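Spelled out from the first residue to the last, the chains are:
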Amino acid sequence: MDTDVLIVGAGPTGLMLANQLGRRGIRAIIVDRHSGPAQQSRAMAVQARTLEIYSKLGIAERALELGRRGNGGNMWANGKLTARIPIGEIGKDMSPFPYILMLGQDDNERIMGGHLRNWGMAVQWNTELVAFRQEAGQVTATLKQPDGTTRTLTAAYVAGCDGGKSAVREISGITFPGAPYEHVFFVADTEATGPMVPEELNVYLWREGFHLLFPMRGKDRWRVIGILPKPLRERDDLTWEDVIPAVRREAGAELSFKSCDWFSTYRIHHRCAERFRDRRAFLLGDAAHVHSPAGGQGMNTGLQDAHNLAWKLALVVKGRADAALLDSYETERMPVAQRLLRTTDRAFMLLVSDSWFAGLFRTQIVARFVARAMTIQRVRQLAFRTISQIGIRYRSSPLSQTLAGVPEGAPRAGDRFPWLKLKLRANGPVEDLFQKLDDTRYNLIVLGQPAPSGNAPGLGDLLSTHVIPDDVHNAQELARVRISGPAFYLLRPDGHVGLCGTRLETDAVARYLSASSIRTQGTRDKVEGTLGPGAVAT
Ligand SMILES: Cc1cc2nc3c(=O)[nH]c(=O)nc-3n(C[C@H](O)[C@H](O)[C@H](O)COP(=O)(O)OP(=O)(O)OC[C@H]3O[C@@H](n4cnc5c(N)ncnc54)[C@H](O)[C@@H]3O)c2cc1C
């Protein structure tokens, strides 16, 4: 076999998957049909959950250096500022990154692409997947090389991170139901001055649609996105100068544009693949789902698809889990994509509907409703949880098991374990728990009871145990997220709770791991006896 995983596509999704596999010691080859990284910025918003993942990967600092922190969102209607969502203030206890980082997709790709060097990997550009077939135990792919010739490559798995027109999806015969929106989006990277709240996201709602201004790196640099007014939609020769009057009409005459580095228009689709997997082939990112960019979720969702699949693929390739573990990728990520499609679709229709009533609703009711809703603490928290993607959870997944006795309101299996600042040693300093979690292993958090003896759950080097000492500070911090001792949380490598309960019973952990297709010491000995160590069992 030439490699363990062939990653098709070096957009953000493929680069995240390559990094996550590389740092887990999995052999992966990443190819892209383009000649090099994309020059256009495209997606701009990096959400808190993505930054948490970047932090574990060791690239959050670089992203923060290059990006601009958006601490708030401001809503404008009829030329007036009608509501402010104080993102930073709401999220300060919920994530180490309580903001939306404004950082272009091109910068994200450059950071992740450069980071591949740490694992001895690099993108093979000008290399296109033209065909593949699945055989017992492997995939044989045909790649068109830079000189026009083809070569074949064998891999245990193929990951389709190849965008909306995915070849992996088409060759696998997976349909992509959905439709294009009739509206046309525009995007412009500009130098502008005006009434916008600096350093924050500004959303302008108008009778005929909306536009958003994102702060970018550099003085007076703003990304403007929106939908084209109806009379401009059919024009092929459109320039940014043609769009400016519509934007200024709504945002006020004080808004002025000095220059524009990039202007583009594009039609978008809302589609979700009927399956995210065909045996040894997986679909991730835009290859699996495309939707309106209005909520700044698209790129982030692809990155998190890759984060979800990577640890599972790594365990299976290393022979530490049965291939059945991979079924949970689609089970967990498809509902996330479907929900995102439903919500962005609804929000988008509200934002873009051409009807007179929708225009009135947008400028009169939405703006006031948001202003009123933001005064309610629970609504503010829900808004942050949703936009930042820290609220994504897999409670119905077969990998999620909440045992009896877990108090109402406490984190449950499937949830991203909350961000806590705890004393991790008796009389020690308060530390960031996320920094201590090892995302290449399972993490067992034990509260209000002693550590399990020896290597009780049978995970060996796959487990990192954290016994949280009893302490007044810890009790207060845990009470904030409704955790009371005794309790235990077994976190999966991606930080989601796999199993939780009150008294830690190692039998329950062993049963959970076996039901999750993880090979504990006992089962591993048996399987390796028949397959040989590290063999891929399917
Ligand atoms: C103009 C524009 C503006 C956008 N603005 C936003 C925004 O504001 N917010 C937002 O969230 N999203 C936005 N998006 C969408 C966002 O860019 C995508 O969600 C994101 O790029 C998805 O990443 P991906 O890695 O899954 O796919 P892609 O970025 O599409 O990457 C796929 C890669 O696969 C490669 N490839 C394709 N087929 C093959 C093959 N057969 N063999 C080898 N390589 C192949 C391609 O060359 C490409 O590099 C925008 C998109 C566009 C076009």
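Since the model is a prediction, treat every value here as computed from it, not as a measurement.

Q: How should the pattern of salt bridges be read in this particular structure?
A: Where side chains of opposite charge bring their charged atoms close, a pairing between them can arise. In this structure the tally under the stated criterion is 32 salt bridges. For R416, the salt bridge goes to E52, with nearest N and O atoms at 2.9 Å. Here E52 lies in helix α2 (residues 48–57) and R416 lies in the loop between β19 (401–402) and β20 (421–423), a separation of 364 residues in the sequence. Take R416: its relative accessible area is 8%, and that puts it in the buried class. E199 is the partner of R68 in a salt bridge, and the nearest nitrogen-oxygen pair spans 2.6 Å. Of this pair, R68 sits in strand β4 (residues 68–70) while E199 sits in the loop between β11 (178–193) and β12 (201–206), and the two are 131 residues apart along the sequence. Ionic contacts of the salt-bridge type, sharing partners, join the residues D106, D107, R110 and R217 into one network.

Q: What should I look at first to understand the environment of Q435 in this one?
A: If you trace the backbone, Q435 turns up in helix α12 (residues 433–436). Residue Q435 is classed as exposed on the basis of its relative accessible area, which comes to 54%. Look past the residues within four positions of Q435 in its chain and what remains in contact with it is S55 and K56.

Q: Can you help me understand α2 in this one?
A: An α-helix turns once every 3.6 residues. As a result, residues three or four positions apart point the same way. The buried fraction of α2 amounts to eight of the 10 residues, a majority that puts the element mostly inside the structure. Taken as a whole, α2 has its buried residues at A48, R49, T50, L51, E52, I53, Y54 and L57. Following α2 by one or two positions, G58 has its phi on the positive side, about 90 degrees.

Q: When you look at a positive patch on the surface in this model, what are you seeing that I'm missing?
A: There is a patch of like positive charges on the surface, built from R339, R342, R346, R385 and R393. Per-element tally for the positive patch: the top contributor is helix α9 (residues 327–352), with three residues. Its place among the elements puts R339 in helix α9.

Q: Quick question: what am I supposed to make of the confidence of the model for the protein here?
A: Parts of the prediction with low pLDDT should not have their coordinates interpreted in detail. Confidence along the protein averages 89 in pLDDT terms, with 92% of residues attaining 70 or more. Confidence drops under a pLDDT of 50 for residues 527–538, and excluding neighbours within four residues, the segment shows 21 contacts in the predicted structure.

Q: Please clarify how the packing of α2 against helix α8 (residues 298–317) should be interpreted in this entry.
A: In a pair of packed helices, the angle between the axes and the distance between the axes together describe the arrangement. Orientation of α2 relative to α8, taken along the N-to-C sense of each, is 45 degrees, at an axis distance of 10 Å. The orientation of α2 with respect to α8, classified from their angle, is oblique. For the pair α2 and α8, the crossing hand works out as left-handed. Contacts between α2 and α8 involve R49, T50, I53 and Y54 on the former and, on the latter, N300, L303, Q304 and H307.

Q: Sorry if this is basic, but what is going on with the sheet that holds strand β23 (residues 463–468) here?
A: The strands that make up a sheet are held in pairs by hydrogen bonds between backbone atoms, and each pair lies either parallel or antiparallel. Taking strand neighbours across the sheet as the criterion, the five strands line up as β19-β25-β24-β22-β23 in an open arrangement whose pairing is mixed. The sheet is open, and its two edges are formed by β19 and β23, each paired on a single side. Where strand β24 (residues 487–491) and strand β25 (residues 497–501) come together, four bridges link them in antiparallel fashion. Among the inter-strand pairings, F488 is bridged to a residue of β25, identified as G501.

Q: What exactly am I supposed to notice about the site of the ligand here?
A: Among the 26 residues in the neighbourhood of the ligand, the closest are listed as T13, D32, Q105, L129 and D286. Measuring from an oxygen atom of the ligand, one finds a side-chain N or O atom of D32 at 2.6 Å. With respect to the ligand, the backbone of G298 contributes an N or O atom lying 3.1 Å from an oxygen atom. When isolated, the ligand has an accessible area of 1000 Å², and the protein chains bury 87% of it.

Q: I'm lost on helix α11 (residues 377–388) in this one. Help?
A: Given a rise of 1.5 Å per residue, 12 residues ought to cover 16 Å, and the 16 Å separating the end C-alpha atoms of α11 matches this to within 8%. Within α11, the full set of buried residues consists of R380, A383, F384 and S388. Axial view of α11: buried residues confined to an arc of 105 degrees, hence all on one face. Opposite its buried face, α11 presents the exposed residues R378, L382 and T386, each directed more than 90 degrees away. Buried residues belonging to α11 abut α2 and α4 (87–91).

Q: I keep staring at the side chain of S517 and nothing clicks. Help me out?
A: As for its position among the elements, S517 is in the loop between α14 (506–515) and α15 (521–531). Residues contacting S517, with those up to four places away along its chain left out, are A321, D322, A324 and L325.

Q: Looking at this structure, I do not really get the sheet that holds β4. What am I missing?
A: Pairing in this open sheet of three strands is antiparallel, and the strands run β3-β7-β4 from one edge to the other. This sheet does not close on itself; its edge strands, each paired only once, are β3 (45–46) and β4. With two bridges connecting them, β3 and strand β7 (residues 100–102) associate as antiparallel partners. Residue pairing across strands places V46 opposite L101, the latter belonging to β7.

Q: Would you mind going over the packing of aromatic side chains with me for this structure?
A: For any pair of aromatic rings, the description rests on two quantities: the centre-to-centre distance and the angle between the ring planes. This structure, assessed with the given rule, holds 11 aromatic pairs. Residues F185 and F210 carry aromatic rings whose centres are separated by 6.3 Å and whose planes lie at 75 degrees to one another, so their mutual orientation is edge-to-face. Taken together, the positions of F185 in strand β11 and F210 in strand β13 (residues 209–215) put the pair 25 residues apart, joining distant regions of the chain. Owing to a relative accessible area of 0%, F185 belongs among the buried residues under this scheme. You can call F210 buried: its relative accessible area is 1%. A cation over an aromatic ring shows up here: R169 above the ring of F176, its NZ or CZ 3.7 Å from the ring centre. It is R280 that lies over the ring of Y157; its NZ or CZ is 4.9 Å from the centre.

Q: I keep staring at the nonpolar core and nothing clicks. Help me out?
A: In terms of nonpolar packing, the biggest core is built from 124 residues, with L6, I7 and Y54 touching the most fellow members. A total of 11 residues in this core trace back to one element, the largest contributor, which is α8. Leaving out residues up to four positions away in the same chain, Y54 has contacts with M16, V46, I59, A60, A63, N108, M112 and L303. Membership of the second largest hydrophobic core comes to 22 residues, among which are I468, V481, I483 and V497.

Q: How should I be thinking about the side chain of H466 in this particular structure?
A: Assignment of secondary structure puts H466 in strand β23. You can call H466 buried: its relative accessible area is 11%. Polar contacts involving the side chain of H466 include one to the side chain of N443, which spans 2.8 Å.

Thresholds, definitions, all that
- Within each chain, residue numbers correspond to sequence positions counted from 1 in written order.
- Predicted model: local features are reported for residues with pLDDT of at least 70 only, side-chain atom pairs are reported and counted for 80 or more only, and whole-chain, interface and lining totals are derived from all residues.
- The side-chain figures draw on all heavy atoms in the structure; neither hydrogens nor water molecules are used.
- Salt bridges are defined as contacts in which a side-chain nitrogen from Lys or Arg sits within 4 Å of a carboxyl oxygen from Asp or Glu.
- Strands here mean DSSP runs of E at least two residues long; helices mean DSSP runs of H or I at least four residues long; both are numbered from the N terminus.
- Here's how the labels work: a residue is buried when its accessible area is under 20% of the maximum for its type, exposed when over 50%, partly exposed in between, all with a 1.4 Å probe on protein chains only.
- In this description, contact between two residues means that some pair of their heavy atoms is separated by no more than 4.5 Å.
- Put simply, a patch holds well-exposed residues, over 30% relative accessible area, that have no salt bridge, with like charges counted together within 9 Å and Val, Leu, Ile, Met, Phe, Trp or Tyr side chains within 5 Å.
- Accessibility throughout is a Shrake-Rupley quantity obtained with a 1.4 Å probe, and a residue counts as covered only by protein chains that appear here.
- Under the convention used here, Asp and Glu are negative, Lys and Arg are positive, and both His and the chain ends fall outside the count.
- For this purpose, a charge sits on NZ of Lys, CZ of Arg, CG of Asp or CD of Glu.
- For every residue, the predictor assigns a confidence score, pLDDT, that lies between 0 and 100.
- Orientation is described by axes fitted as lines to C-alpha atoms, over the contacting stretch for helices, and by angles from 0 to 180 degrees between their N-to-C directions.
- Any angle that is under 35 degrees is reported as roughly parallel, and any over 145 degrees as roughly antiparallel; angles of 65 to 115 degrees are reported as roughly perpendicular and all others as oblique.
- The crossing is said to be left-handed when, going from far helix to near helix, the turn is anticlockwise and less than a right angle, and right-handed when the turn is clockwise.
- By definition, two strands form a pair when at least two bridges between them are found by DSSP.
- Any residue with a heavy atom lying within 4 Å of a molecule or strand is counted as near it.
- Residues adjacent in sequence count toward polar contacts only when both atoms are side-chain atoms; beyond that, a polar contact is any pair of N or O atoms within 3.5 Å, and within protein one must be able to donate a hydrogen and the other to accept it.
- What a helix is expected to span follows from its residue count: subtract one and scale by 1.5 Å.
- In this context, the arc is that of the directions from the helix axis out to the C-beta atoms.
- Here is the rule: rings of Phe, Tyr and Trp (six-membered ring for Trp) pair when centre to centre is within 6.5 Å. Planes less than 30 degrees apart are stacked, more than 60 are edge-to-face, and the remainder are tilted.
- Geometrically, a lysine NZ or arginine CZ counts as sitting over a ring once it is within 6 Å of the ring centre and also within 35 degrees of the ring normal.
- In these notes, a set of buried Ala, Val, Leu, Ile, Met, Phe, Trp, Tyr and Cys residues joined through side-chain atoms within 4.5 Å is what counts as a nonpolar core.

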